[in-house]
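Analysis of the macromolecular model
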Amino acid sequence: MACRTVCQLLQRRLASSAASVRLSAADVRGQRSAVFSREQARQRSLYPRTEKIEVTLQIPGLQGTLLVMNKGVSTPNSCARHLTEWYVTSSALALVDGKPWPLHQPLTQSCSLSLLTFKDTDPQMVNQAYWRSCAALLGQVLQDAFKEDFSVELLRVPEVLVTSGAFCCDVVLDPQLDAWNPSEESLRSLTRGAQQLIHRDLPWEPLEVAPPVALEAFSHSRCKQEEVEEKSAQSPKGTVMLYRCGDHVLLSGGPLVARTGLCSQYEVTAIHPLGECVWGLHRRAQGLSLPLQQQAHHTVWRKLRSRAEKLVEVPTASANEAISDTLTPPSAPEQTPPHTAQQ
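Residues numbered from 1 in each chain as written. Predicted model: local features only at pLDDT ≥ 70, side-chain atom pairs only at ≥ 80, totals over all residues. Heavy atoms only, no water.

**Considering the overall build of the protein chain**
Note the threshold: A helix here means a DSSP run of H or I that spans at least four residues, while a strand means a run of E at least two residues long, and both kinds are numbered starting from the N terminus. Think of it in three bands: residues with accessible area under 20% of the maximum for their type are buried, residues over 50% are exposed, and the middle band is partly exposed, with areas taken using a 1.4 Å probe on protein chains only. Residue contacts are counted whenever heavy atoms from the two residues lie within 4.5 Å of one another.
For the protein chain, the helix and strand inventory stands at nine helices and 12 strands. Burial statistics for the protein chain: of 343 residues in total, 52% are counted as buried. Across the protein chain, contacts joining residues at least 24 apart in sequence account for 74% of those joining residues at least 6 apart.

Below, the structure is given as structure tokens:
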């Protein structure tokens, strides 16, 4: 036991010394975004000539409607713009030939298309993507919330049931913050950070890439490099999906919704310490949210928030379970991140 503790301390000291020579958080974000832009441009260059594809709509009231779109350029969002403004503002995810498809991912062949919203009869797939997106937003807020001299390492995002009460984002903060215990004001500061991103209505841009591209993007994160290798090994095509929101690039285990503006009520509720891991002190940040098309009365929200402060347990066996189709906001951990930045 003592040997294990010594090993962990040694790993953390090595990580801390490496941090002194690594790029700043802003430089790392810039490098990842540059890799994303370069690969995005390369993929777009694969379609130098305009080729047409036929997109058959599978939408109530528009069943069988045919749209002629541009191969490798047009996205489900482009198709929505040929319909009414309601489809543009309400669509969160698409089904392309029956498979989940991010709204901003280009279509590469003739296909059938469904546009999914939170008001659908069966919103399970949209709710799962929404919960995952809320966790991605929380991770972005955490990475922006601390001073540049504090490192923030995002771990694998737990895939939790909506009915668990909170979405989760696992993180390791700089060793200098090990004694930090988030206050209510810290939580409110993180919530304000999230609400600013929501107000900007930023798209989650998807990009399917080969492992070498993802490994280059995450060259400053050993944790993410391991995740890239695992996800690519599990993928039938041997690829991984990256998303960019603003200048933040993230690795996702499933589709995200179209844009941050689809979030409405959103609150960071807690950050729980989970103990030492190979990367440092493992913490679980949690939050609660409802989408734009759903609202909760303030008395109901208070009850949901109270539930969302409780630690969400994530059994290993259920880490990859699909999220429930109910969008009752989940429960979140009890501690919270530092003041949006100036710690």
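What follows continues from the structure just given.
**Some details on the packing of helix 5 (residues 124–144) against helix 6 (residues 184–200)**
The condition that has to hold: The axes used here are C-alpha line fits, helices contributing only the stretch in contact, and every angle between their N-to-C directions lies in the interval 0 to 180 degrees. In this scheme, a crossing is called left-handed if the near helix is turned counterclockwise away from the far one by less than a right angle; it is called right-handed if the turn is clockwise.
For the pair helix 5 and helix 6, interaxial distance at closest approach is 9 Å and the crossing angle is 115 degrees. Judged by the twist between their axes, the crossing of helix 5 over helix 6 is right-handed. Contacts from Leu137, Gln140, Val141 and Leu142 of helix 5 reach helix 6 at Leu190, Gly193, Ala194, Leu197 and Ile198.

**Here we look at the sheet that holds strand 11 (residues 263–277)**
Our working definition: When DSSP finds at least two bridges between two strands, those strands are taken to pair.
Taken in spatial order, the four strands line up as 6-7-12-11 in an open sheet, and their pairing is antiparallel. Of all the strands in the sheet, just strand 6 (152–154) and strand 11 have a single pairing partner and so form its edges. Within this sheet the neighbouring strands show an average axis-to-axis angle of 30 degrees, counted without direction. Of the strand pairs in this sheet, strand 11 and strand 12 (residues 280–291) are connected by 11 bridges, and their pairing is antiparallel. Considered in strand 12, the bridge of glutamate 276 is made with leucine 281. Docked against the sheet, helix 5 engages strand 6, strand 7 (167–173), strand 11 and strand 12, running at close to 25 degrees with respect to strand 7.

**Things to note about the side chain of glutamine 286**
In this fold, glutamine 286 is placed in strand 12. Take glutamine 286: its relative accessible area is 0%, and that puts it in the buried class.

**Quick word on the confidence of the model for the protein chain**
Condition: As a per-residue measure, pLDDT reflects the predictor's confidence and takes values from 0 up to 100.
Predicted confidence across the protein chain gives a mean pLDDT of 85, with 85% of residues reaching 70 or more. Counting contacts from residues 317–343, a segment whose pLDDT is below 50, to residues more than four positions away or on other chains yields 150 contacts.

**Re the pattern of salt bridges**
As a reminder of what qualifies: Salt bridge, as used here, is a side-chain nitrogen of Lys or Arg placed within 4 Å of a carboxyl oxygen of Asp or Glu.
Applying the stated criterion to the full structure yields 19 salt bridges. One salt bridge in this structure joins arginine 244 and glutamate 205, with 3.1 Å as the shortest N-O distance. Taken together, the positions of arginine 244 in strand 9 (residues 240–245) and glutamate 205 in strand 8 (residues 205–209) put the pair 39 residues apart, joining distant regions of the chain. Arginine 244 gets classed as buried once you look at its relative accessible area, which sits at 8%. On the basis of relative accessibility, which here comes to 21%, the residue glutamate 205 falls in the partly exposed class. With its nearest N and O atoms 3.8 Å apart, the salt bridge here joins arginine 222 to glutamate 226.

**Concerning the sheet that holds strand 8**
Across the sheet, which stays open at both edges, the three strands sit in the order 8-9-10 with antiparallel pairing between neighbours. Two strands close off the open sheet at either side, each with one partner strand: strand 8 and strand 10 (248–252). Averaged over all pairs of adjacent strands, the angle between strand axes in this sheet comes to 30 degrees, irrespective of strand direction. Two elements, strand 9 and strand 10, share five bridges in a ladder whose sense is antiparallel. Bridged to tyrosine 243 within strand 10 is leucine 250. Contacting strand 8, strand 9 and strand 10, helix 2 (residues 25–44) runs over the sheet at an angle of about 75 degrees to strand 8. Of the strands in this sheet, strand 9 and strand 10 are in contact with helix 8 (residues 222–234), which crosses strand 10 at around 45 degrees.

**Here's the deal with helix 5**
So the rule is basically this: Expected helix span is computed as 1.5 Å times (number of residues minus one).
Helix length check: helix 5 (21 residues) gives 31 Å between terminal C-alpha atoms against 30 Å at 1.5 Å per residue, within 8%. Counting buried positions along helix 5 gives 18 out of 21 residues, so the element sits mostly inside the fold.

**Section: the nonpolar core**
The cut-off we apply is this: Buried Ala, Val, Leu, Ile, Met, Phe, Trp, Tyr and Cys residues that are joined via side-chain atoms within 4.5 Å together make up what is termed a nonpolar core. Domain delimitation in this document rests on an assignment produced automatically or drawn from a domain database.
Residues Val55, Trp204 and Tyr266 are the most contacted members of the largest nonpolar core, which totals 76 residues. Top element by residues in this core is helix 5. It accounts for 11 residues. If you count residues domain by domain, this core takes at least three from each of domain 1 (50–117) and domain 2 (124–311). Setting aside chain neighbours within four positions, we find valine 55 in contact with Thr65, Leu66, Leu67, Met69, Cys79, Leu107, Cys111 and Leu113. Core analysis: the second largest hydrophobic core is formed by 13 residues, Phe36, Val209, Ala214 and Val228 among them.

**Focus: the packing of aromatic side chains**
The way to describe two aromatic rings as a pair is by their centre distance and the angle between their planes. Going by this rule: Ring geometry is summarised as follows: Phe, Tyr and Trp rings, the Trp one being its six-membered ring, pair when their centres sit within 6.5 Å, and such pairs are stacked at plane angles under 30 degrees, edge-to-face over 60 and tilted between the two.
One pass over the full model with this rule turns up five aromatic pairs. Site record: aromatic cluster; members linked through ring pairs are Trp131, Phe167 and Tyr266.

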